[in-house]
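Here is what each chain is made of, one letter per residue.
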Amino acid sequence: MTAVVIDGREVARASRARTAQRAQAFKDQHGHAPGLATILIGNDPASEVYVRNKRRLATEAGLVDVHHHLSADVAEETVAQLIDDLNADVNVSGILLQLPLPKGLDRAGLIDRISPAKDVDGLTTVSQGRLARGVSGLRPCTPAGVIELLDTAGVAIEGAHAVVVGRSELVGHPAAELLLRRSATVTIAHSRTSDLAAVASTADILVAAAGIPALIGRDHVKPGAAVVDVGIHRTDSGLIGDVRFDEVSDVAGWITPVPGGVGPMTIAALLSNTVTAAESLTR
Ligand code: ADP
């Protein structure tokens, strides 16, 4: 193995510690801590685990945990009303609507109902527009975590060729935007890219966010490249990513493991966004 393994758990722990300090400073000044509201609809087991972890780490960072669990057959107006109430609640600075939503609910409509000032997932049309324009706003958590991992590892982004594999609204597309803002030369590859290995192997920074287990192998990686694996897949032999860790770690310069890479960073970015939202709302 030649690659430096970037320890996302450690970087996330340090990030959460900084967030906890900011939350305490906010509380000292305003008399109450920033609040994170989580909305979970239905009983998807993976979503339940994610939300539980977000709430636990929010509490550990000193944030106020506000949780709403609605049944899968809830009326859309009920969800909309809840979001309106949370938008108006001065004790709530961040609102997270856990995805995916049960069938029948208008995902885009409900996301856009969240006040952009409290959009700690960075998924509203306004937040995405701000990102595309390069003006300040709340950034999507997983892409923000990817950038923080690269920065912490000392990977140079400016001037680098970054290839993002995947163009999803949640990860691939905003990750490409953030890298572009940091002056990388950015290529987005996707399911119709004709020769993925040819494109990916020119990357100095390769972000794998296709949602396909073990898609990226040795042939996709330029020697010395930084490889960030956003994929997470449950298999009989445990969690794996979009990257074949064992073979890629022989050629890459840096690599993030799964688990313990990007995953913990996503929650750390969510908590940081919540404090940022609280600070902006009271400014
Ligand atoms: P996530 O939001 O978790 O990154 P999605 O499953 O929503 O994942 O999106 C997967 C993205 O990956 C899509 O943009 C899709 O075009 C892209 N993708 C799927 N298959 C491939 C492939 N073989 N090569 C490159 N990109 C792919």
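Preceding block: the structure.
The paragraphs below set out a description of the structure included in this document. Just so you know, these numbers come straight off a predicted model, no measurement behind them.

A few words now on the overall build of the protein chain. Each helix and strand in the protein chain was counted, giving 10 helices and 11 strands. Its C-alpha radius of gyration of 19 Å places the protein chain within 12% of the 19 Å reference for a compact globule of 283 residues. With respect to the three principal axes, the spread of C-alpha positions in the protein chain is 50 × 40 × 40 Å. Counting the 283 residues in the protein chain, one finds 47% classified as buried. Each charge sign in the protein chain was given a centre, from 26 positive and 32 negative side chains, and these centres are 3 Å apart.

It is worth spelling out the side chain of Lys54 at this point. Structurally, the position occupied by Lys54 is in helix H2 (residues 45-60). Of the side chains with opposite charge, Asp121 comes closest to the buried, unpaired Lys54, at an N-O distance of 5.3 Å. Within the local environment of Lys54, its side chain forms a polar contact with the side chain of Gln98, the two groups lying 2.8 Å apart.

To continue, consider the site of the ligand. In the vicinity of the ligand there are 13 residues, among which Arg167, Ser168, His190, Ala210 and Ile212 approach most closely. Between the ligand and Ser191 there is a distance of 3.3 Å, counted from an oxygen atom to a side-chain nitrogen or oxygen. A distance of 3.2 Å separates an oxygen atom of the ligand from a polar backbone atom of Ala209. Contact with the protein chains removes 67% of the 580 Å² of surface that the ligand exposes when unbound. Classifying every residue of the shell around the ligand by side-chain character gives 8 nonpolar, 4 polar and 1 charged.

Moving on, we come to the pairing of strand S3 (residues 64-70). In this structure, strand S2 (residues 35-41) lies alongside S3, joined through 7 bridges in parallel fashion. Bridging across to S3, Ala37 finds its partner in Val66. As for the winding sense of the linkage, the β-α-β connection from S2 through H2 to S3 is right-handed.

Next up on the list: the sheet that holds strand S4 (residues 94-97). Strand order in this open sheet of 3 strands is S3-S2-S4, and the pairing throughout is parallel. In the strand order of this sheet, the two ends are held by S3 and S4, each with one partner. Direction aside, the axes of adjacent strands within the sheet are offset by 15° on average.

Moving on: the nonpolar core. By size, the foremost hydrophobic cluster in this structure holds 27 residues, and its most contacted members are Val146, Leu150, Ile157, Leu179, Ile205, Val207 and Val230. When residues of this core are traced back to their parent elements, those giving at least two are helix H1 (8-30), helix H6 (141-153), strand S5 (161-165), helix H7 (172-181), strand S7 (205-208), strand S8 (226-229) and helix H10 (262-281). Per element, the largest residue contribution to this core is 4 residues, and it comes from H6. Sequence-distant contacts of Ile205, defined by excluding residues within four places in its chain, comprise Leu150, Val155, Ala156, Ile157, Ala160, His161, Ala162, Val163 and Ala226. Of all hydrophobic cores here, the second largest spans 20 residues; its members include Ile39, Leu70, Val74 and Leu86.

Criteria and cut-off values
- Along each chain, residue indices are assigned from 1 in the same order as the chain's sequence is written.
- Two thresholds apply to this predicted model, a pLDDT of at least 70 for residue-level local features and 80 or more for giving and counting side-chain atom pairs, whereas whole-chain, interface and lining totals are computed over all residues.
- As a rule here, side-chain values cover all heavy atoms of the structure and leave hydrogens and water aside.
- Secondary structure is summarised from DSSP: a helix means a run of H or I of at least four residues, a strand means a run of E of at least two, and numbering begins at the N terminus for each.
- The quantity called the radius of gyration is restricted to C-alpha atoms. Its globule counterpart is 2.2 Å times the number of residues to the power 0.38.
- Type-normalised accessible area, obtained with a 1.4 Å probe on protein chains alone, sets the label of each residue: buried when under 20%, exposed when over 50%, and partly exposed for intermediate values.
- For the purpose of charge, His is not counted, nor are the chain termini; Lys and Arg are scored as positive and Asp and Glu as negative.
- Taken as the charge centre is NZ of Lys, CZ of Arg, CG of Asp or CD of Glu, depending on the residue.
- Salt bridges, as used here, are contacts in which a Lys or Arg side-chain nitrogen is within 4 Å of a carboxyl oxygen on Asp or Glu.
- Distance and chemistry together define a polar contact, namely a pair of N or O atoms within 3.5 Å, with one atom able to donate a hydrogen and the other to accept it when in protein, and with adjacent residues in sequence counting only for side-chain atoms on both sides.
- Residues are classed as near a molecule or strand on a simple rule: at least one heavy atom within 4 Å of it.
- Every accessible area reported is derived by Shrake-Rupley at a probe size of 1.4 Å, with residue values counting cover from the shown protein chains alone.
- Ten residues, namely Ala, Val, Leu, Ile, Met, Phe, Trp, Tyr, Cys and Pro, are considered nonpolar, four, namely Asp, Glu, Lys and Arg, are considered charged, and the remaining ones, Gly among them, are considered polar.
- We call two strands paired when DSSP finds no fewer than two bridges between them.
- Think of it like this: strands point away, you trace from the first strand over the helix to the second, and a clockwise trace means the crossover is right-handed.
- Axis definition: a line fitted to C-alpha atoms, limited for helices to the stretch in contact. Angles are taken between N-to-C directions and run from 0 to 180 degrees.
- Each nonpolar core is a collection of buried residues, namely Ala, Val, Leu, Ile, Met, Phe, Trp, Tyr and Cys, held together in the definition by side-chain atoms within 4.5 Å.
- Any two residues whose heavy atoms approach within 4.5 Å at even a single point are treated as in contact.

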